[in-house]
Amino acid sequence: MRNYSPERDFESVKRIWLECGWIKPNQGDILELYLKGQHAWVTDIQSVAECLVIAADGDIQYMNEPLSMSCLTGVTTSHIARKQGIAGDMTARAIAETASQGAAVCTLGMFEQGYYNRLGFGTGGYEHFIAFDPAQLRIMKKPRIPKRLTKDDAALMHKSRLNRKRGNGACNLFSQNITSAEFQFADNGFGLGYVDDNTGELTHHIGFSTKNYEYGPYNIRWMTYQNDEQFLELLGVVKSMEEQVRLVTVREPKGLQFQDFLEKPFSYGQITHKSVYEHQNRAVAYWQLRICNLAKCISAVHTNGETLNFNLHLYDPIEKYLDDSVEWHGISGNYTITLGKESTVEPGIRDDLPTLTATVSAFSRLWLGAVPASGLRLTEKLDGPEELILRLDDIFRLPQPSPDWDF
């Protein structure tokens, strides 16, 4: 594994992405833009790059506290390099590199559940995608005339995304090039939003894509807003398309049941069943996360109840993929955990405390609030005394986490 060199490797990397089906032949310039501002590594076969791993700097909202994050935005292997163990080894080393530089957690979007678990990743919360006819929206608010947004407004859109209202698990990727490239990768991408006349800030907007401008379906790739009034105004913009567009898909905003905004969702679902414009509510958990710095992550936990002390026997499978050439080797170990108004981690265990045994995958999911301890012990390697499990259920009863940013 070595650092990616644009001059030496770009044509090889472009071929990898074409073979994976991630870009179209005419999107090389967008890929070049996407790679700028991110960390990238390649592995050669016969002096040619055949595997690429990319990581973006960012942060993740843990309740009211942002934590440093590295996001693996791409792990791609060419046709001739499959099933050689290269991608797994490279991904482990990329995680080690970013963890040693200060990332508290690492995130990624998975192609299938299970592959990245061997590197300590655990599946995040469900995302709900609602497909509906804009005519269904129960919105009476008439929106102002929005600003049309194009690729030339990438800086405005990126800043708007970074400044949006965020909930538990919401992620930001810092590089502006990511927003610019995502906008251009989209089929017929366009945006609609509102700029503050005094500050010039794009306060709230929607990024759309569609393969059919005339009737849709339209896909809302992202929706950014800072308060409830802005959210309702954006729904008014979607409602304004009701005379022509027959279907729009949106990721359900956290803290809401989007079904509340729809007229007769069950009737419309039955009427449109199996059509191109089928109304539906689909849930899928397609992103994963792992803790890289246990002390930083535990310090972000603040409880209102009685302090809980316990031993944690933690196993990190990533250590099998790392050698002495890297500084960070995972977070396996025995720890004493204190969860309270101020939470801490100490090395070693105490004989007078109950012990939780867990993999990094399971403990990361527990910490984030994706699945309670009582559920994880049925599907993951997590076990402990019943009283401890129930206490952990109470402490980590958090809002369901959502990145609110596709990667």
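Structure's up top.
Everything quoted here is computed from the prediction, not taken from an experiment. (Residues numbered from 1 in each chain as written. Predicted model: local features only at pLDDT ≥ 70, side-chain atom pairs only at ≥ 80, totals over all residues. Heavy atoms only, no water.)

## Observations concerning unusual backbone geometry
Turning to step 1, where the next piece is worked out: Omega for the peptide link from glycine 216 to proline 217 comes to 5°, which places this bond in the cis form.
Turning to step 2, where the next piece is worked out: Mapping proline 217 onto the fold places it in the loop between strand E11 (202-210) and strand E12 (218-224).
Turning to step 3, where the next piece is worked out: Even without being glycine, glutamine 46 reaches a positive phi, approximately 55°.
Turning to step 4, where the next piece is worked out: On the basis of relative accessibility, which here comes to 75%, the residue glutamine 46 falls in the exposed class.
Turning to step 5, where the next piece is worked out: The residue serine 47 is not glycine, and still its phi comes out positive at about 70°.
Turning to step 6, where the next piece is worked out: Position of serine 47 relative to the elements: it lies in the loop between strand E2 (39-45) and strand E3 (48-62). (Helix = DSSP H or I, 4+ residues; strand = E, 2+ residues; numbered from the N terminus. Buried < 20%, exposed > 50% of the residue type's maximum accessible area, 1.4 Å probe, protein only.)

## Observations regarding the pairing of strand E7 (residues 127-132)
Turning to step 1, where the next piece is worked out: Burial within E7 is extensive, with 5 of its 6 residues counted as buried.
Turning to step 2, where the next piece is worked out: When E7 meets strand E13 (residues 248-251), the two strands line up antiparallel, connected through 4 bridges. In the sheet register, phenylalanine 129 faces E13, and the bridge partner there is arginine 251. (Pairing = 2+ DSSP bridges.)

## Topic: the sheet that holds strand E10 (residues 190-195)
Turning to step 1, where the next piece is worked out: Across the sheet, 7 strands lie side by side as E8-E10-E11-E12-E13-E7-E14; this open sheet has mixed pairing. Bordering the open sheet on either side are strand E8 (147-149) and strand E14 (280-284), each of which pairs with just one other strand. Taking the axes of each pair of neighbouring strands and ignoring which way they run, one obtains an average angle of 25° across the sheet.
Turning to step 2, where the next piece is worked out: Sheet analysis places E8 next to E10, joined by 3 bridges and oriented antiparallel. Across the sheet, the residue bridging to lysine 147 is glycine 193, located in E10.
Turning to step 3, where the next piece is worked out: Sitting on the sheet, helix H5 (residues 176-185) touches E8, E10 and E12, and the angle it makes with E12 is about 165°.
Turning to step 4, where the next piece is worked out: Across the face of the sheet, helix H6 (residues 228-239) comes into contact with E7, E10, E11, E12 and E13 while running at roughly 35° to E11. (Axes fitted to C-alpha atoms, helices over the stretch in contact; angles between N-to-C directions. Contact = heavy atoms within 4.5 Å.)

## Considerations on the side chain of aspartate 9
Turning to step 1, where the next piece is worked out: Note on placement: aspartate 9 falls in helix H1 (residues 6-20).
Turning to step 2, where the next piece is worked out: If near-sequence neighbours (up to four positions away) are discounted, aspartate 9 is found in contact with Arg2, Asn3, Tyr4, Val42 and Ala49.

## Looking at the layout of surface pockets
Turning to step 1, where the next piece is worked out: In this model, the largest pocket occupies a volume close to 1600 Å³.
Turning to step 2, where the next piece is worked out: Along the wall of the largest pocket there are 46 residues; nearest its centre are Trp22, Thr73, Gly109, Phe111 and Phe407.
Turning to step 3, where the next piece is worked out: Elements with a contribution of two residues or more to the lining of the largest pocket: H1, strand E4 (65-77), helix H3 (86-100), strand E5 (105-109), H5 and E12.
Turning to step 4, where the next piece is worked out: If you tally residues by element for the lining of the largest pocket, the top one is E4, at 6 residues.
Turning to step 5, where the next piece is worked out: For the lining of the largest pocket, a count of residues per class yields 23 nonpolar, 12 polar and 11 charged.
Turning to step 6, where the next piece is worked out: Reported here for the second largest pocket is a volume of approximately 430 Å³. (1 Å grid on protein atoms, 1.4 Å probe; cavity = no way out; pocket = protein on both sides within 12 Å on 5 of 7 lines; lining within 4 Å. Points joined across faces, edges and corners; volume = space filled by probe spheres on them. Nonpolar A, V, L, I, M, F, W, Y, C, P; charged D, E, K, R; others polar.)

## Overview of H1
Turning to step 1, where the next piece is worked out: For H1, spanning 15 residues, the distance from its first C-alpha to its last is 19 Å, which sits close to the expected 21 Å at 1.5 Å a residue.
Turning to step 2, where the next piece is worked out: Lining the buried residues of H1 we find strand E1 (2-3), helix H2 (28-35), E2, E3, E4 and H5. (Expected span 1.5 Å × (residues − 1).)

## Re the pairing of E4
Turning to step 1, where the next piece is worked out: The buried fraction of E4 amounts to 10 of the 13 residues, a majority that puts the element mostly inside the structure.
Turning to step 2, where the next piece is worked out: Sheet topology note: the E3/E4 ladder contains 12 bridges and is antiparallel. In the strand pairing of E4, glycine 58 is matched with methionine 69.
Turning to step 3, where the next piece is worked out: The antiparallel pairing of E3 with E4 creates a hairpin that spans 2 residues between the two strands, and methionine 63 there sits at a positive phi of about 55°.
Turning to step 4, where the next piece is worked out: Sheet analysis places E4 next to E5, joined by 4 bridges and oriented parallel. Directly across from leucine 72, in E5, lies its bridge partner leucine 108.
Turning to step 5, where the next piece is worked out: Remark: the E4/H3/E5 crossover connection has right-handed handedness. (Right-handed = clockwise from strand over helix to strand, strands pointing away.)

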